[in-house]
Amino acid sequence: MGKRKENGTVFATVQKIGRSFFLPVSILPVAGLLLGLGASFTNETTIAAYNLESVLGSGTVLNGLLTIMSQVGSTIFGNLPIIFAMAVALGMAKSEKAVAVLSSGVSFFVMHSTINAMLKLTGSILPDGSHSGKVLSGALTNVCGIDSLQMGVFGGIIVGLGVAALHNRFYKQKLPAALSFFAGVRFVPIISVIVYILVGIICFFIWPTIQNGIYAIGGLVTNSGYAGTFIFGFMERALIPFGLHHVFYIPFWQTGLGGTAIIDGITVAGAQNIYFAELASSNTVKFSVEACRFMTGKYPFMMAGLPAAAYAMYRCAKPENKKLVGGLLLSAALTTFLTGITEPIEFTFLFIAPALFILHCVFAGLAFVICHLLSICIGTTFSCGLIDFTLYGLLQGNAKTNWLMMIPVFIVYAVGYYLVFTFLIKKFNIATPGREEGNGEVKLYTKDDYNKKGDGVDKKTSCSNNDDISVMILKGLGGIDNLQDIDCCATRLRCTLVDSNIVDEETLKLTGSKGVVKKGTGIQVIYGPQVTIIKSDFEEYVNEVRNGEKVDL
């Protein structure tokens, strides 16, 4: 029992870290859009190829605007470490989150300033600012104007997690009367500064060894060739049900695990960072295959495979149910195709037939391998749908991306998913949407679909407005005393509970939930892309209950 509780606590903690990663990741689509459009249409070769000098050439208004867009996008990508530091502190802090964010930002500068001072004291950085060669090439970088060790987003994560821990421990700290002004939340930045001076000194001595270890692991995956690519693709999908996929792929995208490259004289670490540095460079002839091997493989199953699986489920539905199921599956398929948000479809067959999900993970791993084999290099910011495919594939040209080779891959994946899913659904009589027997209905619900339909649900308990939904969610989670923490990612409401055993999944289903994942004290309620609104409404309602403005039913 104790072992199980400990494992549940670890899962809940890792889940919180994973959702903290999601906030900075959610910034990347905007940054990528600015950089993608800006870099594409200010590239002299592209302008000359389409004879657009009069419209987009140097000195034109559009060229100036696009240059600004490109620079803004590059700045966001270039400062991801401090963005991660503040976002992780925000996500991990229990209360007074603004104080945690401020303390994290200050601590980030303190840590790197301390490392900079140590580099100067040991002669690694000379008085004129040049590097002495005592540190390995690529081990130093400029962080927000400070010459420091190349820690990437790991440096930000170290700061974010550490400051959050200090914040949660000390934000209610009491001090003697004479020092009471510095008590409570004011004590957090003070203790954080002191601690991160020490952390900076420690990192100066141990980070080079850690960095070499990171590069070695990344080298192992890289040197494993297509086997390593398959393992990455398989694991990235397999962790989806646990909500831990962000924890897995972010290090490959943002640190030396995903490789390093020298671009325009600057050492860049991390697959996604390499891609966007190449995107911003006018010297790029072909995007790095070794970097894109950790990104491009999502496109085949997100844009072709899963929509085809949705079509297979539609074709296998009973004739009398096809109209209803068709609308639900079409919506989910379009979401996947356009935006790369796959969970409405994935969770439909995950809970009905886990074997189908495992097969899907295998197909995902193979997709990464195929794209690696064919040297297809299409980057991504958040998820691999039509929007990213257009920005980082079509607009960049076939010479840089080899995107034309993706078309036959799409065809193979669409046909393959359709045939395999159709065969397995019929062979094993899997109860996919529209094939259910009797009243045991398995549906692909959205909140609006549920509210409009209302069949088989007591009108008195159905959710008629946002407040009703929040009431039902709180009831399903076991009440206000069982709720510790509320957050969300792109599609899931993520909560930490006192006891997940008292969760009422049937009540949560009435709110439009597509499924529930429980592990220890961590719970994830899958709603789809509208979850951010649900989360905001629910959080406001919970605060009102805790303030005595409303009653916990």
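In this text, all values refer to a predicted model and were calculated from it rather than measured experimentally.

The rules behind the values
Residues numbered from 1 in each chain as written. Predicted model: local features only at pLDDT ≥ 70, side-chain atom pairs only at ≥ 80, totals over all residues. Heavy atoms only, no water. Helix = DSSP H or I, 4+ residues; strand = E, 2+ residues; numbered from the N terminus. Areas by Shrake-Rupley, 256 points an atom, 1.4 Å probe, with all protein chains shown as cover. Core = buried A, V, L, I, M, F, W, Y, C linked by side-chain atoms within 4.5 Å. Buried < 20%, exposed > 50% of the residue type's maximum accessible area, 1.4 Å probe, protein only. Domains from an automatic or database assignment. Pairing = 2+ DSSP bridges. Patch = residues over 30% accessible without salt bridge, like charges linked within 9 Å, V, L, I, M, F, W, Y side chains within 5 Å. Salt bridge = Lys/Arg side-chain N within 4 Å of Asp/Glu carboxyl O. Contact = heavy atoms within 4.5 Å. Phe/Tyr/Trp six-rings, centres within 6.5 Å; stacked < 30°, edge-to-face > 60°. Lys NZ or Arg CZ within 6 Å of the ring centre and 35° of its normal.

Caption draft 1: The arrangement of the overall build of the protein chain in detail. Each helix and strand in the protein chain was counted, giving 23 helices and eight strands. Taken as a whole, the protein chain presents about 24,100 Å² of accessible surface, with 64% of it coming from carbon and sulfur.

Caption draft 2: Layout of the nonpolar core. F301, M406 and Y417 are the most contacted members of the largest nonpolar core, which totals 95 residues. Examining the composition of this core, we find that 12 residues originate from one element, helix 13 (residues 298-316), more than from any other. A domain-level breakdown of this core finds at least three residues from each of domain 1 (5-127 + 137-293) and domain 2 (296-452). Residues V471, V516, Y527 and V542 belong to the second largest nonpolar core, which totals 24 residues.

Caption draft 3: Fine view of the pairing of strand 1 (residues 140-143). In terms of strand pairing, strand 1 meets strand 2 (residues 146-149) through four bridges, oriented antiparallel. By the bridge assignment, L140 is partnered in strand 2 with L149. Counting the residues in the hairpin turn of strand 1 and strand 2 gives two residues, including C144, whose phi is positive at 50°.

Caption draft 4: Summary view of unusual backbone geometry. At C144, a position not held by glycine, the phi torsion is positive, near 50°. The topology assignment puts C144 in the loop between strand 1 and strand 2. Relative accessible area serves as the criterion here: at 35%, C144 is assigned to the partly exposed category. In this structure, S375 takes a positive phi of about 55° despite not being glycine.

Caption draft 5: Representation of a nonpolar patch on the surface within the structure. Nonpolar side chains collect at one region of the surface, where L179, F181, F182, I190 and I194 lie side by side and expose about 470 Å² of accessible area between them. Tracing the backbone shows I190 in helix 8 (residues 187-223). On the basis of relative accessibility, which here comes to 33%, the residue I190 falls in the partly exposed class.

Caption draft 6: Inspection of the environment of S383 at higher detail. Relative to the helices and strands, S383 is located in the loop between helix 16 (354-373) and helix 17 (386-394). Under the relative-accessibility criterion, S383 is labelled buried at 9%. Each C-alpha atom of the pair S383 and T339 lies 6.6 Å from the other, and the pair is 44 residues apart in sequence. Contact partners of S383, with chain neighbours within four places excluded, come to M302, T339, G340, I341 and D388.

Caption draft 7: Geometry of the packing of aromatic side chains. All chains considered together, the criterion is met by 22 aromatic pairs. Ring centres 6.2 Å apart and planes at 25° place the aromatic pair Y311 and Y314 in the stacked group. Of the two residues, Y311 and Y314 both sit in helix 13, three residues apart, roughly one turn of that helix. Residue Y311 is classed as partly exposed on the basis of its relative accessible area, which comes to 41%. The partly exposed category is assigned to Y314, whose relative accessible area is 29%. Ring-pair connections join several aromatic residues into one group, and the members of that group are F232, F252, F294 and F368. Sitting over the ring of Y249, K298 keeps its end group 4.8 Å from the ring centre. If you follow K322 out to its NZ or CZ, it ends over the ring of Y314, 5.6 Å from the centre.

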